[in-house]
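Below are the chains, spelled out letter by letter.
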Amino acid sequence: KQEVTQIPAALSVPEGENLVLNCSFTDSAIYNLQWFRQDPGKGLTSLLLIQSSQREQTSGRLNASLDKSSGRSTLYIAASQPGDSATYLCAVPGANSKLTFGKGITLSVRP
Amino acid sequence: EAGVTQFPSHSVIEKGQTVTLRCDPISGHDNLYWYRRVMGKEIKFLLHFVKESKQDESGMPNNRFLAERTGGTYSTLKVQPAELEDSGVYFCASSRTGGGDTQYFGPGTRLTVL
């Protein structure tokens, strides 16, 4: 059974800092890994989808890496801004497409 | 292109009552998923439709939950009778194909059972 872990549960950083959010998963037989963002009271916004054959995927100030063999992914946020404050979730699909989520990391970027 | 929409955004009901949640997927997306997040827990899968057929309903908690997708368009999730532990946020997602295709999520319905 796939389990996804995100530690720590919360993170507070000053504006401008580069930061790394971690995600680990127990079953390395994955198709891909998705990073989502959730703002309070809102739905999930897909940030990046990194295929199992890829090592990195970039979108603007965001960079996601994937190491299947070690069961880890990281989301790197460059030059963080207060608008980056949100909960970040990672999720992996099983063979039947259903996503297994981590609990998320709540990020607060202080001005 | 309109995103996934869900109705209502909030619902407060008493234990024993019935509630029906609705999800409209992105047009052309055959795959529709329901997920739920209860307080303090991770988001968990409930079920997956491919067009009007239930592909996987292994995450449905019990027979008080009934999901339908008539005609392969919008879907409803009915909880009858609702219990306190059903409180949480119910998310719907859709994707064009299965097999790990990007799933696009709706804003969720926050259900509170008193």
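> Could you give an account of the sheet that holds strand β1 (residues 4-5) of chain A, naming the residues involved and the relevant values?
All names here are of chain A. Spatially, the 5 strands line up as an open sheet ordered β1-β3-β8-β7-β6, and their pairing is antiparallel. Of all strands in the sheet, those bounded by a partner on one side alone are β1 and β6 (56-59). Here β1 pairs with strand β3 (residues 19-25) via 2 bridges, running antiparallel. From the neighbouring strand, Val-4 faces β3, where its bridge partner is Phe-25.

> Describe unusual backbone geometry, with residues and values.
Along the chain, Phe7(B) connects to Pro8(B) via a cis peptide bond; the corresponding omega equals -5°. With respect to the helices, strands and loops of the structure, Pro8(B) is situated in the loop between β1 (5-7) and β2 (10-13). In this chain, Gln80(B) is followed by Pro81(B) through a cis amide linkage whose omega measures -10°. Relative to the helices and strands, Pro81(B) resides in the loop between β8 (75-79) and β9 (88-95). Positive phi, close to 45°, is recorded for Ala79(A), a residue that is not glycine. Looking at the secondary structure, you find Ala79(A) in the loop between β8 (72-77) and β9 (86-93).

Procedures and definitions
Residues numbered from 1 in each chain as written. Chains lettered and ligands numbered in written order. Predicted model: local features only at pLDDT ≥ 70, side-chain atom pairs only at ≥ 80, totals over all residues. Heavy atoms only, no water. Pairing = 2+ DSSP bridges. Helix = DSSP H or I, 4+ residues; strand = E, 2+ residues; numbered from the N terminus.

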